[in-house]
Amino acid sequence: MRTSALMLLITPLIFALAACDGDSGTTGNTADNTGKQVTRNLGNTVKNRGQLICGVSGELPGFSFVGTDGKYNGIDVDVCRAVAAALFDNPDAVEFRNLNAKERFTALQTGEIDLLSRNTSWTLSRDTSVGLDFAPVVFYDGQAIMVRKNSGIKSLNDLKDKAICAQTGTTTEQNLADQMRKRSITYKPVVFEDINITFATYAEGRCDGVTADRSALVSRRTTLPKPNENVILDELLSSEPLAPAVAKGDPQWSNVVKWVVYSLIKAEELGINSQNITEFANSNDPEIKRFLGTEGNLGEGLGLTNDFAARIVKHVGNYGEVYDRNLGTKTKLNLPRGQNQIATKGGLLYSPPFR
C-alpha cells in the first residue's frame, strides 16, 4: 500500500515536469508560442529554392515600384536584391510579390514570403503580438498630411471638421486619431484598404487632406495630375522607423537579413562602393579585410560565404548609393538625406562592428 501510495504521489509530478520541459523546448506545438523558440531554417529553404520571395508594395515610387521597363526599383526593392546578392551572388534571384497593408503580415506569418520589405514601421506590438523580427531601420520617417495649396489649410487646427483620407490597417490611421484626439480636433476620417483608392479619392477632391508617411506623400505627389498644387504640412504626427521584417522564431534567418542591412551601412562608413570595391581587395586594414571576407570567417556564422558583404556592395552598392538612386536629390522625389545620413555625417545610421 505504501508503494502504491507513493506512486500515486510521484506520477503527477513526473507528468508535470515533462509538461514544463515541453513548453520550454524548441519544438513546442501549442496555439500560443509567444516567447518560445521555434525550430526553423528558412535560410536553407531559400538557398535550396534558389530564389528569395520578397513582399513589397510595388506601388510606391522610391521604395518599391514597377518602372516602364517592367522592373522593380526602390529602396525596399534594393534591400531584397541585397539579400539575394549575399545568398546567391545574384541580385536578380528574387521573386517580388505585391502586398497591401492588410495582407502583408499574414503573408509573412504563413510563409507565403520569406522577407517583408514594404515601408513598414517598427512598433512594439508588431515586434511582439504580431510576431515579427525587424532588421535595422532603412529609412527614418514621420507621418504628415498633404493638402491642396489653395485650401488655406496651414496646420492641423485648420483641419477641424474636414475630411481626411487615410489607409486602414496601418499605424497611419491610428496616429491620426491619436493626434486629433490629443488636440480635441474633430474631423471626418475617410479610410480605404487600397492605397491607390486612398490617393485617388484625395485627387478627386473628396478629401480635404490625405495622411501617410512623409516620404510616401512626397512619392505619391509626383503621381498626381498637378503635383505642384499640393503641399505637405510641416507638422509631423509621429516617428516612423521603416524596416524590413521576417517571421519570428528563426534567429539564423533574422541574423542574415539584419547583417545584410548593416553591410549596406558599413560599406558607406568605410568608403567602399560599387565603383571602387576592387581597389580595396588588397587592403591591409583589418576591419576592411574582415568586412570583405579576405580575412576571418564572419560569413560562416550566418550560413553565408565569408565574402557576403563584398557581394552586396558589388551588385547593389552601399547605403548611400541605394538612397541616391531611389530617393536622392537627382531623382524626381528629391529627398534630402537628413537623419538618414550615416552617423559620422550627423545622421542616425550606423553599423555594429564586423568582428
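Residues numbered from 1 in each chain as written. Predicted model: local features only at pLDDT ≥ 70, side-chain atom pairs only at ≥ 80, totals over all residues. Heavy atoms only, no water.

Asker: When you look at the overall build of the protein in this model, what are you seeing that I'm missing?
Answerer: In terms of regular secondary structure, the protein is built from 12 helices and 14 strands. Put simply, the protein has 355 residues, and 47% of those count as buried. For the protein, restricting intrachain contacts to residue pairs at least 6 apart in sequence, the fraction spanning at least 24 positions comes to 70%. Looking at the protein as shown, the accessible area adds up to about 17500 Å², and 50% of this sits on carbon and sulfur atoms. (Helix = DSSP H or I, 4+ residues; strand = E, 2+ residues; numbered from the N terminus. Buried < 20%, exposed > 50% of the residue type's maximum accessible area, 1.4 Å probe, protein only. Contact = heavy atoms within 4.5 Å. Areas by Shrake-Rupley, 256 points an atom, 1.4 Å probe, with all protein chains shown as cover.)

Asker: What's the story with the pattern of salt bridges in this structure? I'm lost.
Answerer: Any two side chains of opposite charge can pair, on the condition that their charged atoms come close. All told, the structure shown has 15 salt bridges when counted by the stated rule. A salt bridge links R49 to D114; the shortest N-O distance between them is 2.6 Å. Remark: D114 occurs in the loop between α4 (104-109) and β6 (115-116) and R49 occurs in helix α2 (residues 42-49); sequence separation between them is 65 residues. Judged by its relative accessible area of 2%, D114 falls in the buried class. (Salt bridge = Lys/Arg side-chain N within 4 Å of Asp/Glu carboxyl O.)

Asker: Whenever I open this one, the packing of aromatic side chains confuses me. Can you help?
Answerer: In this description, a pair of aromatic rings is defined by centroid distance and the angle of the planes. All chains considered together, the criterion is met by eight aromatic pairs. For the ring pair F139 and Y323, a centre distance of 6.3 Å and an interplane angle of 10° mean the geometry is stacked. Residue F139 is located in strand β8 (residues 139-148), and its partner Y323 is located in helix α12 (residues 319-326); the two are separated by 184 residues in the primary sequence. Taking the relative accessible area as the measure of exposure, F139 reaches 4% and is therefore buried. Residue class for Y323 comes out buried when judged on its relative accessible area of 1%. (Phe/Tyr/Trp six-rings, centres within 6.5 Å; stacked < 30°, edge-to-face > 60°.)

Asker: What should I look at first to understand the pairing of strand β1 (residues 52-56) in this one?
Answerer: On a regular strand, one side chain projects to one face of the sheet and the next to the other, so that they alternate. Of all five residues in β1, five are buried, a share of seventy percent or more. Side chains L52, C54 and V56 of β1 all project onto a buried face; the interleaved residues I53 and G55 project onto the opposite face, where all are buried too. Of the strand pairs in this sheet, β1 and strand β5 (residues 94-98) are connected by five bridges, and their pairing is parallel. Looking at β5, one finds that V56 is bridged to N98. Sheet topology note: the β1/β6 ladder contains two bridges and is parallel. Across the sheet, residue C54 finds its bridge partner in β6, namely L115. (Pairing = 2+ DSSP bridges.)

Asker: Honestly, helix α7 (residues 195-203) in this entry has me stumped. Any pointers?
Answerer: At 3.6 residues per turn, the α-helix brings residues three or four places apart onto the same side. Within the sequence span of α7, burial applies to I195, T198, F199, T201 and Y202. One side of α7 holds all its buried residues, which, seen down the axis, span an arc of 155°. With a side-chain oxygen lying 2.7 Å from the backbone nitrogen of N196, the N-terminal cap of α7 falls on D194. In the stretch just after α7, G205 is the one whose phi turns positive, near 85°. (Arc of directions from axis to C-beta. Polar contact = N/O pair within 3.5 Å; in protein donor to acceptor, adjacent residues only side chain to side chain.)

Asker: When you look at the nonpolar core in this model, what are you seeing that I'm missing?
Answerer: In terms of nonpolar packing, the biggest core is built from 71 residues, with L52, W253, I272 and F291 touching the most fellow members. The greatest single-element share of this core, amounting to 10 residues, is contributed by helix α9 (residues 251-270). One finds I53, F105, L132 and A247 within the second-largest nonpolar core, a separate group that totals 12 residues. (Core = buried A, V, L, I, M, F, W, Y, C linked by side-chain atoms within 4.5 Å.)

Asker: What am I meant to see in the packing of helix α3 (residues 75-88) against α12 here?
Answerer: Describing two packed helices takes the angle between their axes plus the distance from one axis to the other. Running from N to C, α3 and α12 point in directions that differ by 145°, and their axes come no closer than 9 Å. Classified by chirality, the crossing of α12 by α3 is right-handed. Residue-level inspection shows I75, D78 and R81 of α3 in contact with α12, the latter providing Y319, V322, R325 and N326. Grouping the amino acids of the contact of α3 with α12 by side-chain chemistry returns three nonpolar, one polar and three charged. (Axes fitted to C-alpha atoms, helices over the stretch in contact; angles between N-to-C directions. Left-handed = near helix turned anticlockwise from the far one by under 90°. Nonpolar A, V, L, I, M, F, W, Y, C, P; charged D, E, K, R; others polar.)

Asker: Can you walk me through the state of the cysteines in this structure?
Answerer: Every disulfide links exactly two cysteines, by a covalent bond between their sulfur atoms. The full count for this structure, using the stated rule, is two disulfides. A sulfur-sulfur distance of 2.0 Å marks the disulfide that ties C54 to C80. On the S-S bond that ties C54 to C80, the torsion sits near -55°, and the link is left-handed. You can see C54 sitting in strand β1 and its partner C80 sitting in helix α3, a full 26 residues away along the chain. (Disulfide = S-S within 2.5 Å.)

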